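# Architecture and fold: a report
Chain residues, written in single-letter form:
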Amino acid sequence: MTYTPPLREELRGLEPYGAPQLDVPVQLNVNENPYGPSPACVADIAEAVASAAGSLNRYPDREFTELRTALAAYLSRDTEPTRGFAITPDQVWAANGSNEVMLQLLQAFGGPGRTAVSFAPTYSMYPEYARDSMTAWVAGRRETDFGLDLDHARELVEKERPSVVLLPSPNNPTGTALPPEAVTALCEAVGDDGVVVVDEAYGEFRRAGTPSALELLPRHRNLVVSRTMSKAFALAGARLGYLAAAPEICDAIRVVRLPYHLSAVTQAVALAALRHAPELLGRVDELRVERDATVAWLRERGHQVADSDANFVLFGTFPDRHAVWQGLLDQGVLIREVGPDGWLRVSIGTAGEMAAFRQALTAVLAQEASQS
Ligand SMILES: *Cc1c(COP(=O)(O)O)cnc(C)c1O
């Protein structure tokens, strides 16, 4: 007889979330940075890990003080030159990927009888954090250009009184950035009964003139700005996400975090990588240029394309998007079947990978046209 373990009722029959991990030549499906670290950076990371290895019999620094200090200094580059204030280490929290950071936020600020709100289409993990923390989930809608309808957003917040609002900027899968006025309006609408989480996983890719929500931290004590080393920072494999917020918010998360959740190895790797920040981030400008060229190319071919401040592009619409996705995969190009019906998302890779994508898409659509 097959064994059915006593899974929580509402989890029965559910599939675990995740994009297919397929070994194909051109992988443009999970918004990774296509460029790996340089040999100098690899050597520095290896040395840092070797040095941490000598004391792995001990638990790591539970407060990861050195790492919080380095992350605060890194974030301050976005606030000091433009706004004249620094992010302090007691405003910083980190965990194993910003996915864990956000789950901790839901564990601390969500829970039974409480509600989390976001605006669809948006990141498909958000409802899962809500479910796992037994928080009610309410998704409002976005405009047809995927921007926020502020009146609708405010109304929804006033009706639902959420304790957590999740606002990705740039949004995934659409690439849409939020203007600072929208963040301010929602922080004010939510008030002290909730926190507003601006998920800036793709923040470093935003177009010139789009400020980071970090600049708004002094104005709103209920604002949380979440970042990750997984995307622009080219360190998805290390699993390091972090946030900046009021020290009181960081203290609230300390209550729910597991003891020693950040391993000594993770801390050493992240610190070494931060010392190489200029190099690891060095390709961001190149990727933004490649993104804008991809948007232009798709539009020239008559596709609908969402404006993107991220390292991916949402385009469509296809009567049978799965057929297009599969056709690309058959040519060795893996993209993502995600977003509203008919749309597909392609991550921005190297110039060579994008050429392969353009060639494969042209071939797949020509083949479809000849068959119909
Ligand atoms: C990729 C992504 C993250 C980051 O995930 P990590 O756990 O830090 O790797 C967070 N939010 C959104 C919207 C993302 O697309």
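Residues numbered from 1 in each chain as written. Predicted model: local features only at pLDDT ≥ 70, side-chain atom pairs only at ≥ 80, totals over all residues. Heavy atoms only, no water.

The name given to the chain in an unreviewed UniProt entry is Histidinol-phosphate aminotransferase, with Nocardioides panaciterrulae as the source organism. Heading Pathway (unreviewed entry) of the UniProt record for the chain holds this comment: "Amino-acid biosynthesis; L-histidine biosynthesis; L-histidine from 5-phospho-alpha-D-ribose 1-diphosphate: step 7/9." A UniProt comment under Subunit (unreviewed entry) is attached to the chain, and it reads "Homodimer." (UniProt positions renumbered as here; feature names shortened; annotations may be inferred.)

This paragraph deals with the overall build of the chain. Helix and strand counts for the chain stand at 13 helices and 12 strands. Taken over the C-alpha atoms alone, the chain extends approximately 65 × 60 × 55 Å along its principal axes. Residue burial in the chain is summarised as follows: out of 372 residues, 54% are buried. Carbon and sulfur atoms make up 52% of the accessible area of the chain, which totals about 16,800 Å². Positive and negative side-chain charges of the chain, numbering 33 and 47 respectively, have mean locations separated by a distance of 3 Å. (Helix = DSSP H or I, 4+ residues; strand = E, 2+ residues; numbered from the N terminus. Buried < 20%, exposed > 50% of the residue type's maximum accessible area, 1.4 Å probe, protein only. Areas by Shrake-Rupley, 256 points an atom, 1.4 Å probe, with all protein chains shown as cover. Lys, Arg positive; Asp, Glu negative; His and termini not counted. Charge placed at Lys NZ, Arg CZ, Asp CG, Glu CD.)

Let us now look at the sheet that holds strand β7 (residues 223-228). Across the sheet, 7 strands lie side by side as β2-β8-β7-β6-β5-β3-β4; this open sheet has mixed pairing. Edge positions in the sheet fall to β2 (92-95) and β4 (136-141), since each of these pairs with one other strand and no more. Put simply, the sheet's adjacent strands are angled 25 degrees from each other on average, direction ignored. Two elements, strand β5 (residues 164-168) and strand β6 (residues 195-199), share 5 bridges in a ladder whose sense is parallel. By the bridge assignment, Val164 is partnered in β6 with Val195. On top of the sheet, helix α8 (residues 247-256) reaches β2, β6, β7 and β8 (241-244); it is set at about 30 degrees to β2, its chief contact. (Pairing = 2+ DSSP bridges. Axes fitted to C-alpha atoms, helices over the stretch in contact; angles between N-to-C directions. Contact = heavy atoms within 4.5 Å.)

A few words on the side chain of Ser226. For Ser226, the position within the fold is in strand β7. When its relative accessible area of 0% is taken as the criterion, Ser226 is described as buried. What Ser226 contacts, discounting residues up to four positions off in sequence, is Ser98, Met102, Val197, Val198, Asp199, Glu200, Ala201, Tyr242 and Leu243.

What follows deals with the state of the cysteines. A covalent bond between the sulfur atoms of two cysteines is what we call a disulfide. All chains considered together, the criterion is met by 0 disulfides. Free of any disulfide, Cys187 has its nearest cysteine sulfur in Cys250, 15 Å distant. You can call Cys250 buried: its relative accessible area is 0%. (Disulfide = S-S within 2.5 Å.)

Around the ligand, a shell composed of Gly97, Ser98, Asn99, Tyr123, Asn172, Asp199, Ala201, Tyr202, Thr228, Ser230, Lys231 and Arg239 is seen. Contact between the ligand and Asp199: a nitrogen atom at 2.7 Å from a side-chain N or O atom of the residue. Between Tyr202 and the ligand, the recorded distance is 2.6 Å, taken from a side-chain N or O atom to an oxygen atom. Its free accessible area being 390 Å², the ligand has 94% of it covered by the protein chains. Put simply, the ligand lies in the largest pocket. Classifying every residue of the shell around the ligand by side-chain character gives 3 nonpolar, 6 polar and 3 charged. (Near = heavy atom within 4 Å. Polar contact = N/O pair within 3.5 Å; in protein donor to acceptor, adjacent residues only side chain to side chain. 1 Å grid on protein atoms, 1.4 Å probe; cavity = no way out; pocket = protein on both sides within 12 Å on 5 of 7 lines; lining within 4 Å. Sits in = over half its atoms within 2 Å of the grid points. Nonpolar A, V, L, I, M, F, W, Y, C, P; charged D, E, K, R; others polar.)

Okay, the environment of Arg206 next. The topology assignment puts Arg206 in the loop between β6 and β7. Between the alpha carbons of Arg206 and Asn311 there is a distance of 8.8 Å; along the sequence they are 105 residues apart. Separated by 2.8 Å, the side chain of Arg206 and the backbone oxygen of Gly203 make a polar contact.

Ordered in space as β9-β10-β12, the 3 strands form an open sheet in which the pairing is antiparallel. Either end of the sheet is taken by a strand with one partner, and the two such strands are β9 (304-305) and β12 (344-347). With 2 bridges joining them, β9 and strand β10 (residues 312-316) adopt antiparallel strand pairing. By the bridge assignment, Gln304 is partnered in β10 with Gly316.

Within the largest apolar cluster, 113 residues are counted, with the highest numbers of intra-cluster contacts made by Phe315, Ile335 and Phe357. It is helix α9 (residues 264-275) that contributes the most residues to this core, 7 residues altogether. Residue-level mapping places this core at the junction of two domains, with at least three residues from each of domain 1 (19-37 + 279-371) and domain 2 (39-275). Ignoring sequence-local partners within four residues, the contact set of Phe357 consists of Leu28, Thr294, Leu298, Phe315, Leu328, Val333, Ile335 and Val346. (Core = buried A, V, L, I, M, F, W, Y, C linked by side-chain atoms within 4.5 Å. Domains from an automatic or database assignment.)

The next point concerns empty space enclosed by the protein. A full pass over the atoms with the stated rule returns 2 cavities of 30 Å³ or more. Reported here for the largest cavity is a volume of approximately 70 Å³. As for the largest cavity, its lining consists of 14 residues, of which Ser169, Leu178, Glu200, Pro211 and Ala213 are closest to the centre. Reported here for the second largest cavity is a volume of approximately 40 Å³. Forming the boundary of the second largest cavity are Tyr17, Thr122, Tyr123, Ser124, Asn172, Pro173, Arg336, Val338 and Arg345. Its residues assigned to classes, the lining of the second largest cavity shows 4 nonpolar, 3 polar and 2 charged. When residues of the lining of the second largest cavity are assigned to domains, at least three fall in each of domain 1 (19-37 + 279-371) and domain 2 (39-275). (Points joined across faces, edges and corners; volume = space filled by probe spheres on them.)

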